[in-house]
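Below, each chain spelled out in residue letters.
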Amino acid sequence: MNTKQIVTRMAPSPTGRFHVGGIRTAFYNYAFARQHGGKFILRIEDTDKERNRDEYEQEIYEVFKWVGMEYDEVYRQSENIHRHQEILKQLLESGDVYEAEEANDGNGKVIRFKNPNKEITFHDEILGEISVDTTDLGDFVVARNIESPLYHLAVVVDDHDEGVTHVIRAQEHVANTPRQILLHEALGFETPTYAHVPFILGPDGKKKLSKRDTNVAAMDYKQHGYLPEALLNFLSFIGWNPGTEQEVFSKDQLVQVFSLEQVQKGPGGFNLDKLSWLNKQWLNTLSKQEFRDYIDPLFKELQDMPIYSEDIMVKITPIIRERTNVLSDVQEMIVNGELDYYFVNPKIDSEKVIWKKGTVESTIIHLQKVFDIITDYSGDWNKDSLKEVIFPYAEEAGKGDVLWPLRFSLSGRDKSPDPFTLLEVLGKEVVLERISNNIESLKKATA
Ligand code: GLU
């Protein structure tokens, strides 16, 4: 029995914004380590001095924090440079690497690995058995010079030193694996187990997900108001599923059911509708207060509107909530002015107030009648009770002829909640004011 502690790592390079797909790779590492009681390491591969940026490194930490992937250890590869140099020296002494011309143009030297030109076979936990004749790789470069070891060497040394047992990483690294195994062997290191995670395809199902399809920076998803639970849930299911009907899983549940064997070999699709649906499922788990906290920042500007009140906010929150999959939906409602009528008397287009075959005169009569009913009404101010007193008249005079003008007088929009909901939200005073304003304008239109 192998009792060695499982150690996984995510090794992003801070040379660009952390990719949303990187969350999936990182999470598979995280889940695999957690379910085996192992260790999960974050290693910042910051050896490319020209392309590294501190803000990219900071963003990596932010992403991990946001989605709740706690790591047990964190390293910066550059801090291990002396160790990489020492190993390089050792390889030079043993003759496994040698100094050579970079190219045949006499332009500078590099350090190359003396390839034993053998067949390397390894078992990939996702892709299965892979055999590569390394002759084709030639004597590949492992350092610019004795001071500057490059990627392959640094990764091999760090994985070894940090005790990494399982390298779970993006499929683009499959081609690097034989080189890295050769280095492990030359150094007498135990080769880790590899698992190469398939690509994520864009919505066309053909090309790799790219900036042209959608946002690819992980933090953009936070910015757009996706919940981290939903994003994690969504990403985990790209190219993997637990083989049951259940689709909504928390981080801890995912950790329980995840298995590397069930990750598919082929690429998985990135379906924004699915993400949106999952976000809705996760929004449904928020309490009233949590949902308010989620949308409130967007309402800052609306607070200056004439009849903004906490009371109205409380009443419209469930209405908004029903229509929201993602925070950007709320943003859209606000930008499109779809919520304005809750906070300010709308401008009414007199022609639109009239229902189908109705006339200005008949519309005035119906509105006046509803105005009178509401004026006399002294019961509970809620939509059901209001419906009880208004509906009989609507049924008698024609539902559309009565309810359309009523709703339109209150919202001024083709689409809005039903009139009884609007009555309840707006309150008696505002309602009567809007109906009578509208009657006045209709009268003016006929004059
Ligand atoms: N630093 C590499 C990258 O960001 C990952 C190397 C590895 O996972 O072995 O693509």
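Here's a quick rundown of the structure. Note that the structure is predicted; figures quoted are calculated from it, not measured.

**Quick notes on the overall build of the chain**
For step 1, the next point in the chain: Across its full length, the chain holds 18 helices and 13 strands.
For step 2, the next point in the chain: Taken over the C-alpha trace, the chain has a radius of gyration of 32 Å; the compact-globule value for 447 residues is 22 Å, which it surpasses by more than 25%.
For step 3, the next point in the chain: Judged by the C-alpha coordinates and their principal axes, the chain covers about 100 × 50 × 35 Å.
For step 4, the next point in the chain: Within the chain, the proportion of its 447 residues that are buried is 48%.
For step 5, the next point in the chain: Here the contacts in the chain between residues at least 6 apart in sequence split such that 72% fall between residues at least 24 apart.
For step 6, the next point in the chain: Each charge class in the chain was averaged separately, 52 positive and 73 negative side chains, and the resulting centres sit 3 Å apart.

**Description of helix H14 (residues 360–376)**
For step 1, the next point in the chain: If you check H14, its first and last C-alpha atoms are 24 Å apart, about what 17 residues at 1.5 Å a residue would give, namely 24 Å.
For step 2, the next point in the chain: Considered for burial, the residues of H14 that qualify are Val-360, Thr-363, Ile-364, His-366, Leu-367, Val-370, Phe-371, Ile-373 and Ile-374.
For step 3, the next point in the chain: On the buried face of H14, the contacting elements are helix H13 (350–353), helix H15 (383–397), helix H16 (399–411), helix H17 (419–426) and helix H18 (428–446).

**Structural notes on the site of the ligand**
For step 1, the next point in the chain: Every residue close to the ligand is listed here: Arg-9, Ala-11, Pro-12, Ser-13, Glu-45, Tyr-151, Arg-169 and His-173.
For step 2, the next point in the chain: Residue Ala-11 places a main-chain N or O atom 2.8 Å away from a nitrogen atom belonging to the ligand.
For step 3, the next point in the chain: Between the ligand and His-173, the relevant distance is 3.0 Å, taken from an oxygen atom to a side-chain nitrogen or oxygen of the residue.
For step 4, the next point in the chain: When the ligand sits alone it has 300 Å² of accessible area, and the protein chains cover 82% of it.
For step 5, the next point in the chain: A per-class count over the shell around the ligand returns three nonpolar, two polar and three charged.

**Digging into the sheet that holds strand E9 (residues 148–149)**
For step 1, the next point in the chain: Strands sit in the order E4-E5-E8-E9 across an open sheet of four strands; the sheet is antiparallel. Each of the sheet's edge strands pairs with one partner strand only, and the pair in question is strand E4 (97–101) and E9.
For step 2, the next point in the chain: Both E4 and strand E5 (residues 109–113) contribute to a ladder of five bridges, which runs antiparallel. Note that in E5 the partner of Ala-100 across the bridge is Val-110.

**Quick word on unusual backbone geometry**
For step 1, the next point in the chain: A positive phi is found at Asn-117, a non-glycine position, where the angle reads about 50 degrees.
For step 2, the next point in the chain: Following the sequence through the fold, Asn-117 ends up in the loop between E5 and strand E6 (119–124).
For step 3, the next point in the chain: In this structure, Lys-356 is a non-glycine residue whose phi angle is positive, near 30 degrees.

**Brief notes about the packing of aromatic side chains**
For step 1, the next point in the chain: Enumeration over the complete set of coordinates arrives at 22 aromatic pairs.
For step 2, the next point in the chain: Pairing Phe-18 with Phe-64 gives two aromatic rings, centres 5.9 Å apart and planes at 70 degrees, and the pair type is edge-to-face. Of this pair, Phe-18 sits in the loop between strand E1 (7–10) and helix H1 (20–35) while Phe-64 sits in helix H2 (residues 54–67); the two residues are 46 residues apart in sequence, bridging distant segments of the chain. In this pair, the class of Phe-18 matches that of Phe-64, namely buried.
For step 3, the next point in the chain: Geometrically, the ring pair formed by Phe-237 and Trp-240 is edge-to-face, given 5.3 Å between the ring centres and 70 degrees between the ring planes. Comparing Phe-237 with Trp-240, the two get one shared label, buried.
For step 4, the next point in the chain: Through successive ring pairs, a cluster of aromatic residues spans Phe-18, Phe-27, Tyr-30, Phe-40, Phe-64 and Tyr-71.
For step 5, the next point in the chain: One Lys or Arg, Lys-387, reaches over the ring of Phe-391 and ends 5.1 Å from the middle of that ring.
For step 6, the next point in the chain: Over the aromatic face of Trp-404 sits the side chain of Arg-407, whose NZ or CZ is 4.9 Å from the ring centroid.

**Some remarks on the environment of Glu-388**
For step 1, the next point in the chain: On the secondary structure map, Glu-388 appears in helix H15.
For step 2, the next point in the chain: In the structure, Glu-388 is positioned 215 residues away from His-173 in sequence and 68 Å away in space, judged by C-alpha atoms.

**Quick word on the nonpolar core**
For soluble globular proteins, nonpolar side chains are generally found buried alongside one another.
For step 1, the next point in the chain: Grouped together as the largest cluster of nonpolar side chains are 52 residues, with contacts concentrated most on Ile-295, Phe-299, Ile-316, Tyr-342, Phe-343 and Ile-435.
For step 2, the next point in the chain: Here the element with the most residues in this core is H14; it accounts for seven residues.
For step 3, the next point in the chain: With sequence-adjacent residues up to four places away left out, Phe-299 is seen in contact with Met-313, Ile-320, Val-330, Ile-334, Leu-339 and Phe-343.
For step 4, the next point in the chain: The next biggest cluster of nonpolar side chains, apart from the first, holds 49 residues, and it includes Phe-27, Val-197, Ile-200 and Trp-240.

**What to know about helix H3 (residues 81–94)**
For step 1, the next point in the chain: The end-to-end C-alpha separation of H3 is 20 Å, in line with the 20 Å expected for 14 residues at 1.5 Å each.
For step 2, the next point in the chain: Those residues of H3 lying buried are His-84, Gln-85, Ile-87, Leu-88 and Leu-91. Considered in projection along H3, the buried side chains sweep an arc of 165 degrees and stay on one side of the axis. Among the exposed residues of H3, those oriented more than 90 degrees off its buried face are His-82 and Glu-93.
For step 3, the next point in the chain: Where the residues of H3 are buried, they touch E4, E5, strand E8 (141–145), E9, helix H4 (151–161) and helix H5 (177–187).
For step 4, the next point in the chain: Two residues or fewer after H3 comes Gly-95, characterised by a positive phi angle close to 85 degrees.

**Looking at the pattern of salt bridges**
For step 1, the next point in the chain: Applying the stated rule across the entire model yields 28 salt bridges.
For step 2, the next point in the chain: A salt bridge links Glu-247 to Lys-274; the nearest nitrogen and oxygen atoms lie 3.3 Å apart. Of this pair, Glu-247 sits in the loop between helix H7 (228–236) and helix H8 (251–257) while Lys-274 sits in helix H9 (residues 272–283), and the two are 27 residues apart along the sequence.
For step 3, the next point in the chain: When its relative accessible area of 25% is taken as the criterion, Lys-274 is described as partly exposed.
For step 4, the next point in the chain: For Arg-292, the salt bridge goes to Asp-296, with nearest N and O atoms at 2.9 Å. Here Asp-296 and Arg-292 lie together in helix H10 (residues 288–299), a separation of four residues that amounts to about one turn.

**Topic: the packing of H3 against H5**
For step 1, the next point in the chain: Contact geometry for H3 and H5: axes closest at 11 Å, N-to-C directions at 75 degrees. Taken together, H3 and H5 sit at an angle that is classed as roughly perpendicular. Residues Ile-87, Gln-90 and Leu-91 of H3 pack against Leu-183, Ala-186 and Leu-187 of H5.
For step 2, the next point in the chain: Broken down by class, the residue content of the contact of H3 with H5 amounts to five nonpolar, one polar and no charged.

**Concerning the side chain of Arg-407**
For step 1, the next point in the chain: You can see Arg-407 is positioned in helix H16.
For step 2, the next point in the chain: Here Arg-407 occupies a buried position and makes no salt bridge, while the nearest side chain of opposite charge, Asp-414, is found at 6.0 Å.
For step 3, the next point in the chain: A distance of 2.8 Å separates a polar atom in the side chain of Arg-407 from the backbone oxygen of Asp-414.

Cut-offs applied
- Residues numbered from 1 in each chain as written.
- Predicted model: local features only at pLDDT ≥ 70, side-chain atom pairs only at ≥ 80, totals over all residues.
- Heavy atoms only, no water.
- Helix = DSSP H or I, 4+ residues; strand = E, 2+ residues; numbered from the N terminus.
- Rg over C-alpha atoms; globule rule 2.2 N^0.38 Å.
- Buried < 20%, exposed > 50% of the residue type's maximum accessible area, 1.4 Å probe, protein only.
- Contact = heavy atoms within 4.5 Å.
- Lys, Arg positive; Asp, Glu negative; His and termini not counted.
- Charge placed at Lys NZ, Arg CZ, Asp CG, Glu CD.
- Expected span 1.5 Å × (residues − 1).
- Near = heavy atom within 4 Å.
- Polar contact = N/O pair within 3.5 Å; in protein donor to acceptor, adjacent residues only side chain to side chain.
- Areas by Shrake-Rupley, 256 points an atom, 1.4 Å probe, with all protein chains shown as cover.
- Nonpolar A, V, L, I, M, F, W, Y, C, P; charged D, E, K, R; others polar.
- Pairing = 2+ DSSP bridges.
- Phe/Tyr/Trp six-rings, centres within 6.5 Å; stacked < 30°, edge-to-face > 60°.
- Lys NZ or Arg CZ within 6 Å of the ring centre and 35° of its normal.
- Core = buried A, V, L, I, M, F, W, Y, C linked by side-chain atoms within 4.5 Å.
- Arc of directions from axis to C-beta.
- Salt bridge = Lys/Arg side-chain N within 4 Å of Asp/Glu carboxyl O.
- Axes fitted to C-alpha atoms, helices over the stretch in contact; angles between N-to-C directions.
- Parallel < 35°, antiparallel > 145°, perpendicular 65-115°, else oblique.

Note that all results are geometric; they support no functional claim without further evidence.
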